[in-house]
Amino acid sequence: MYVADSRRSKAPVAPATAPGHGPASPCQEADGGHGGRAALRAAVPGAVVALGAVSLVTDISSEMVSAVLPLYLLTGLGLSPLGFGLLDGLQNGFSALVRLAGGHLADRRGGDGAARHKAVAAVGYGLSALCKPLLLFAHTVPLIGAVIAVDRTGKGLRTAPRDAMISLATEPEHRGRAFGVHRAMDTAGALLGPLTAFLVLRLAGGPLLADGGERHGYDAVFTVSACIAALGVLVLLLFVPSRLGGDATSTSAPSLRDGLSLLRLPGLRRLTLCAVLLGLTTVSDSFLYLLVQRRLGLATDLFPLLPLGTAAAFLLLAVPLGALADRIGRRRLFTAGHAVLLLAYGLLLSPLHGLPATVCVLVLHGAFYAATDGVLAAAAADAVPAEQRGAGLALVGTGQALARFACSLLFGALWSAVGGTTALAWSAGALALCVLGAAAVLREPAREVSS
Amino acid sequence: MNQLRNRTRVLILLIAVLLLGAVGTGAVLHAADRTARRDQAQPGAPAVDSGDVSLQKPTSGRQLVFRNMAWGPHRDELTAVPADRPDGPRTASGVHCLRFHAAGGTGICLQAEHGALDDTYRAVVLDDHLKEKRSFPVAGIPTRSRVSPSGHLAAWTVFVSGDSYAGTNFSTRTSVVDVRDWNLRDNLESFDIVKDGRPYQAHDVNIWGVTFADDNTFYATLATAGRTHLVRGDLASRTLTTLHDNVECPSLSPDGTRVAYKKRVPGLPDDAPWRLYVLDLATMTETPTAEQRDIDDQAVWTDNGALLYALPGDYGADLWTVPADGGGAARRVTGAAVAPAYVG
């Protein structure tokens, strides 16, 4: 079902951009033509900014907890850390599977015939918000594990409907930028979260290392985190519209069978395949940081700053690279993003040392995320009809997440067998092959857009 | 909610921000208030006064030095009590430590330095007057520390988050320094491992809880593939050799014949799996002690006959003792104390 290129056809457009609604922007977009007709507010619609704000606020809340949870478990409760990592990995895999369910549920119709993206997302955000006050009462490992599992279920449920809403609220030619804006806001929240947590611990008066069973500093963190999470849910309920562009026209509710047949769409199938293959060769963040520290000779006390470096680059590059994706093609940039990651691997394998090399690797790593994370969702949205947007986005996202999880296990095994550097060299070779393959498979002859 | 006018929505949001902000602020203030109370001495707590604390052999009797956890101005300071009157008045040194151990006139003190937003940690080697001789930055939260009987070697273990295999896992890093020439072995994981008689390599090796036999030989915990082992380490040949399974936080008896340790006992809850055992190194026989509670500490030998260890208490931790031969019963030594070492 090839429909003409969105740039030449009249794509489903939000009501705000109906003819005669306001003058054309004096600053025409560089990709010009019809794209420039949409005013700036159509390029990044209010719904996307609202969803970005929800993600920003929610990420502050959840990263507050993530930042203190290891400290809390070790020193607040005096628990042993063994096994925590495996639990964490399993729950991430579980969350990826829940995402499929979230995508499917979100595409189903409510009583008014509209898809239930907002309702499913609200349940997802709500579940996670509920978990923060529960942490005040969970004092044993199994209970904390259960609370974290519910939190991950919420995260899994909300991801696909949220991305579907972003894509449905945006004109197709501006999706890359819209996802860029969302991911930048999301990352800003992830950066602010730990800062907020340590500020609260500091204001609560105790040393961060509140060992000896004193947990009230942590209680303050969990309470503040719960308040911020509740605020995120409220912003979603108040400011994100229930009906979005391209959503209300559908009559039939997609069934589970329709969800499976999504893979028959050639565009989506190819994208999913490439996302999985590239995901299988994407070394997980913790391994990458470990290699940065060891190969580039970084002082161990700078180790906790490495994720911040990646996040900062991601934050700064998400919007410009999203806009670039709109111009040169999302699939092309998605592939190019992995080529950037390959550059980072190359730099790690080179004999270069020291801080400049570290900064370069982190910038490349952040650029990789900026060129692939939101861009993949935007590319997937191009390939899926609006009434199955949630399920389609979930399929690609889950495929990628599970592939990355498998890569973690494989890379760990490879590391123990042949050492970190050799394992990275092998990964780089495999990634190079996958990038070449993706470049061949993911050409952009005519973007498939369904209306 | 889409029917609401924009002004109404903003108003609702504003009210919610004020309400949630009030709850959050209240929680922080409440926590700060409880923290402030820790600076006031509590009724019934041991008396703590400033004074000189020395790691030299005292003229009369032994001293017990530990981190004082009683609320009041001397909280978290190293304090000394006569070993025969452990519950008596405490002499506070003014030196803050999270973990501490001392032997042969040398002390090792693991400290937190509070930054604006983040805490950093360091290992400080102390002389016999608790003066800093040299300090080393460490990459995470301190957990164990030991000095060799001669006072020539000091070892410490910290938790390192991120330096690990999958996701948000943790790992430990254990370092040993020679205080005579400051030769630092930053990471014992770089030593060659001999496991069950064969060379062994793995990505997931963790080492913690050193206890010294002399200035070359030590014992420690080695964890890999989900199991823990007792290893004997050799500093000169840079090797670690496994001796026994399911041993954590070993503590060598003064005569060097037995090791007290945490054993993960099958059937116990996951969050409280350890009991205190003693292993005879000559026969490799294990003896459970009379202590029936979960132990998460590296015990100290009071002499060749009894063990001293910390258990959670009202003010963080209390010190308890139990005979090493499996007989007798556990007995509380003093409250609000952790990380003890005998001096003299």
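Keep in mind that this is a model prediction, so the values were computed, not measured.

This next bit is on the overall build of chain A. Of regular secondary structure, chain A possesses 15 helices and zero strands. The 451 residues of chain A split such that 58% are buried. Within chain A, contacts between residues separated by at least 24 positions form 85% of all contacts whose residues are at least 6 apart in sequence.

Another point: a nonpolar patch on the surface. All names here are of chain A. Among the surface-exposed residues, Leu302, Leu305, Leu308, Leu355, Val359 and Val363 lie close enough to one another that they form a single nonpolar patch of about 500 Å² accessible area. A total of three residues in the nonpolar patch trace back to one element, the largest contributor, which is helix H13 (residues 354-383). Structurally, Leu305 can be placed in the loop between helix H10 (285-295) and helix H11 (306-328). The exposure class of Leu305 is partly exposed, given its relative accessible area of 48%.

This paragraph deals with the packing of aromatic side chains. Evaluation of the coordinates by the stated rule reveals 10 aromatic pairs over all chains. For the ring pair Phe368(A) and Tyr369(A), a centre distance of 5.1 Å and an interplane angle of 50 degrees mean the geometry is tilted. One aromatic cluster is present, built from ring pairs that chain together Phe287(A), Phe411(A) and Trp415(A). Sitting over the ring of Tyr200(B), Lys195(B) keeps its end group 4.8 Å from the ring centre.

One pass over the full model with this rule turns up 23 salt bridges over all chains. For Arg183(A), the salt bridge is made with Asp163(A), and the minimal N-O distance between the two is 3.1 Å. Placement of Arg183(A) in helix H6 (residues 175-203) and of Asp163(A) in helix H5 (residues 141-169) is noted, with a sequence separation of 20 residues between them. Given a relative accessible area of 6%, Arg183(A) falls into the buried group. The buried category is assigned to Asp163(A), whose relative accessible area is 7%. Arg67(B) is paired through a salt bridge with Asp76(B); the nearest N and O atoms lie 2.9 Å apart. Each member of the pair Arg67(B) and Asp76(B) is classed as buried. Here the salt bridges do not stand alone but share partners, grouping Arg162(A), Asp163(A), Arg183(A) and Asp373(A) into one network.

Before going further, it helps to spend a moment on the state of the cysteines. One pass over the structure, following the stated rule, counts one disulfide over all chains. The side chain of Cys97(B) participates in a disulfide bridge whose partner is Cys109(B); the two sulfur atoms lie 2.0 Å from each other. Across the S-S bond of Cys97(B) and Cys109(B) the torsion is about -110 degrees, and the bridge reads as left-handed. Of this pair, Cys97(B) sits in the loop between strand S4 (90-96) and strand S5 (99-103) while Cys109(B) is found in strand S6 (residues 106-114), placing the two residues 12 residues apart along the sequence. Here Cys97(B) and Cys109(B) have matching classes, each one buried. Cys131(A) carries a free sulfur, and the closest cysteine sulfur to it, the one in Cys227(A), is 15 Å from it.

Here the focus is H5(A). All names here are of chain A. Taking 1.5 Å as the rise per residue, H5 with 29 residues should run 42 Å; its terminal C-alpha atoms sit 42 Å apart, in good agreement. By the largest-angle criterion, Arg158 marks the main kink of H5, which is about 30 degrees, and a proline, Pro161, follows within four residues. Burial runs high along H5: 22 of the 29 residues are buried.

This paragraph deals with unusual backbone geometry. All names here are of chain B. Backbone geometry places Leu130, a non-glycine residue, at a positive phi of 60 degrees. Here Leu130 falls in the buried class, since its relative accessible area comes to 8%. Positive phi, close to 60 degrees, is recorded for Asn246, a residue that is not glycine. Looking at where Asn246 falls in the secondary structure, it is placed in the loop between strand S18 (239-245) and strand S19 (248-252).

Take the environment of Leu105(A) next. All names here are of chain A. With respect to the secondary-structure elements, Leu105 resides in helix H3 (residues 84-107). Judged by relative accessible area, which is 32%, Leu105 ranks as partly exposed. Sequence spacing of Leu105 and Val120 is 15 residues, and the spatial spacing of their C-alpha atoms is 7.0 Å. Not counting the four nearest positions on each side in its chain, Leu105 is found in contact with Arg116 and Val120.

Let us now look at the domain arrangement of chain B. The domains assigned to chain B are domain 1 (1-31) and domain 2 (48-343). For domain 1 of chain B and domain 2 of chain B, the distance between their C-alpha centres works out to 49 Å.

Rules of the game
- Residues numbered from 1 in each chain as written.
- Chains lettered and ligands numbered in written order.
- Predicted model: local features only at pLDDT ≥ 70, side-chain atom pairs only at ≥ 80, totals over all residues.
- Heavy atoms only, no water.
- Helix = DSSP H or I, 4+ residues; strand = E, 2+ residues; numbered from the N terminus.
- Buried < 20%, exposed > 50% of the residue type's maximum accessible area, 1.4 Å probe, protein only.
- Contact = heavy atoms within 4.5 Å.
- Patch = residues over 30% accessible without salt bridge, like charges linked within 9 Å, V, L, I, M, F, W, Y side chains within 5 Å.
- Areas by Shrake-Rupley, 256 points an atom, 1.4 Å probe, with all protein chains shown as cover.
- Salt bridge = Lys/Arg side-chain N within 4 Å of Asp/Glu carboxyl O.
- Phe/Tyr/Trp six-rings, centres within 6.5 Å; stacked < 30°, edge-to-face > 60°.
- Lys NZ or Arg CZ within 6 Å of the ring centre and 35° of its normal.
- Disulfide = S-S within 2.5 Å.
- Expected span 1.5 Å × (residues − 1).
- Bend = angle between axes of the 7 residues up to and from the residue.
- Domains from an automatic or database assignment.

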